[in-house]
Amino acid sequence: MARPLERVANITDKKWRWKVAVKLQHKWSVLSNNKENFEMVVWCDIHVIVPHLYRHTFDSVLVVNETYTIANFQVQLTDMLFKPSAHKYLIKFTSGTKVGDRNMHQIQDKSHKVTPLVDIITGKWNKDRLIDVIGVVEEIGYTQSQVGGKKQQFNFPRNNTINCTLWEVYAMQFANFIQQQNDTSIPVVVLIQYAKVKEESGKYPLSVTNTCNVTKLSINDDLELIQQFAKRSRIETSGGETFASLGCSNCIVLFRCVGDFNSAIVVEAVLFPESNKDMNSRFLSAN
């Protein structure tokens, strides 16, 4: 007799013969000790690690937005400093893990739970969790060429703002979008999923930043949340000519949130030369 499916919410480390139906929500690669593995968040909301040893077996099989049955895996407490899931435990694939029943389950997409910026400012967010934030580009605040691959700090005499730093590929993604933008009258809505909040420390202010590779950046994408947010936006966007120097520079961009997210966010997009890749990796790991 086939084992029945169990609820993801009920997963604990008390046994390993679990069998659950999931929908793959997000997937990213991780390089550790010169070995590449991949990790995922599956719905209903649990973090999954596929070690290097099993990467080639499962990487091409597991596709974002598709559903599966996953059985026989290791369960362990999650001890990450910033967790991509609210679940107390995570799933780790082993030699006995089975994946099947592709797209045989009806599982709804995870609803976006955007953290209002006012909650970040007032400290009302889960401090061990990666969060989602959304905003509309209002204006360019500052640009400066990157010198020596070191991060520059800036102060903004502006109330209710959060410093948000976009690094490397995320900064380039944002810069490329702005440079290719044809109609500057259309609000630019940015959704940052799995963002990290860094608390104020000494001269460093409260800030939001991307992780090395977990973060997902969406800019004016055809997502319901972004489209609804754009309709509510009352912000007039800046002219495109201001962005001409974005190719290899720091870019400070102001985001204003409207409606239920009534606050503002400052984004510092930091672009590093390719030659500084090793140093960048060490800096991002440390942050």
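Residues numbered from 1 in each chain as written. Predicted model: local features only at pLDDT ≥ 70, side-chain atom pairs only at ≥ 80, totals over all residues. Heavy atoms only, no water.

Trainee: Can you break down the overall build of the chain residue by residue, with the values?
Mentor: Summing up its helical and strand segments, the chain has 5 helices and 14 strands in all. Here the chain, with 287 residues, has 47% of them falling under the buried criterion. For the chain, the proportion of contacts with a sequence separation of at least 24, taken over those separated by at least 6, is 69%. Entry remark: accessible area of the chain is about 15,200 Å², with carbon and sulfur atoms responsible for 48%. (Helix = DSSP H or I, 4+ residues; strand = E, 2+ residues; numbered from the N terminus. Buried < 20%, exposed > 50% of the residue type's maximum accessible area, 1.4 Å probe, protein only. Contact = heavy atoms within 4.5 Å. Areas by Shrake-Rupley, 256 points an atom, 1.4 Å probe, with all protein chains shown as cover.)

Trainee: Please set out the pairing of strand β3 (residues 46-50) residue by residue, giving values where relevant.
Mentor: In terms of residue burial, β3 counts as a mostly covered element, since 5 of its 5 residues are buried. A two-sided burial pattern is seen for β3, the buried positions comprising Ile46, Val48 and Val50 on one face and His47 and Ile49 on the other. Connecting strand β2 (residues 35-43) to the next strand, β3, in antiparallel fashion are 2 residues, including Asp45 with a positive phi near 55°. Where β3 meets strand β6 (residues 89-92), 3 bridges bridge the pair, whose relative direction is parallel. By the bridge assignment for β6, His47 is matched with Leu90. (Pairing = 2+ DSSP bridges.)

Trainee: Tell me about the nonpolar core, and please be specific about residues and values.
Mentor: Counting 22 residues, the largest nonpolar core has Ile11, Met40, Val48, Val50, Leu62, Phe73 and Phe93 as the members making the most contacts within it. Mapped onto this core, the elements with two or more residues apiece are β1 (19-32), β2, β3, β4 (67-71) and β6. Leu166, Tyr170, Ile192 and Leu217 belong to the second-largest nonpolar core, a separate cluster that totals 21 residues. (Core = buried A, V, L, I, M, F, W, Y, C linked by side-chain atoms within 4.5 Å.)

Trainee: If you had to explain the sheet that holds β4 to someone new, which residues and values would you point to?
Mentor: With mixed pairing, 7 strands are arranged side by side in an open sheet as β5-β6-β3-β2-β1-β4-β7. What marks the edges here is a single partner per strand, and that holds for β5 (74-77) and β7 (98-100). This sheet shows a mean twist of 40° between the axes of neighbouring strands, independent of strand direction. Across 5 bridges, β1 lies against β4 in antiparallel orientation. Among the inter-strand pairings, Lys19 is bridged to a residue of β4, identified as Ala71. (Axes fitted to C-alpha atoms, helices over the stretch in contact; angles between N-to-C directions.)

Trainee: Talk me through the environment of Gln25; I want residue IDs and the actual numbers.
Mentor: Within the secondary structure, Gln25 sits in strand β1. Residue classification places Gln25 among the buried residues on the basis of a relative accessible area of 17%. With 19 residues separating them along the chain, Gln25 and Cys44 place their C-alpha atoms 9.1 Å apart.

Trainee: Got a sec to walk through the packing of aromatic side chains? Specific residues and values, please.
Mentor: In this structure the tally under the stated criterion is 1 aromatic pair. Taking 4.9 Å as the distance between ring centres and 85° as the angle between the ring planes, the aromatic pair formed by Phe58 and Phe93 counts as edge-to-face. Placement of Phe58 in helix α1 (residues 55-58) and of Phe93 in the loop between β6 and β7 is noted, with a sequence separation of 35 residues between them. Owing to a relative accessible area of 8%, Phe58 belongs among the buried residues under this scheme. By relative accessible area, which is 2% here, Phe93 ends up buried. (Phe/Tyr/Trp six-rings, centres within 6.5 Å; stacked < 30°, edge-to-face > 60°.)

Trainee: Any details on helix α3 (residues 168-180)? Residues and values, ideally.
Mentor: Between its first and last C-alpha, α3 extends 18 Å over 13 residues, near the 18 Å set by a 1.5 Å rise per residue. Taken residue by residue, α3 has Tyr170, Ala171, Phe174, Ala175 and Ile178 as its buried positions. The buried residues of α3 occupy one face: seen down the axis, they fall within an arc of 130°. With respect to the buried face of α3, the exposed residues turned more than 90 degrees away are Val169 and Gln180. (Expected span 1.5 Å × (residues − 1). Arc of directions from axis to C-beta.)

Trainee: Can you explain the side chain of Thr67? Please cite residues and give values.
Mentor: Here Thr67 lies in strand β4. Here the side chain of Thr67 touches His105 through a polar contact of 3.3 Å, landing on its backbone oxygen. Each residue touching Thr67, except ones within four places of it in the same chain, is listed here: Val22, Lys23, Asp101, Arg102, Asn103, Met104, His105 and Ile107. (Polar contact = N/O pair within 3.5 Å; in protein donor to acceptor, adjacent residues only side chain to side chain.)

Trainee: For unusual backbone geometry, give the residues involved together with the corresponding values.
Mentor: Despite not being glycine, Asn72 shows a phi value in the positive range, around 60°. Looking at the secondary structure, you find Asn72 in the loop between β4 and β5. Despite not being glycine, Asn103 shows a phi value in the positive range, around 55°. Here Asn103 lies in the loop between β7 and α2 (117-121). A residue is classified by how much of its surface remains accessible, and Asn103, at 42% relative accessible area, is partly exposed.

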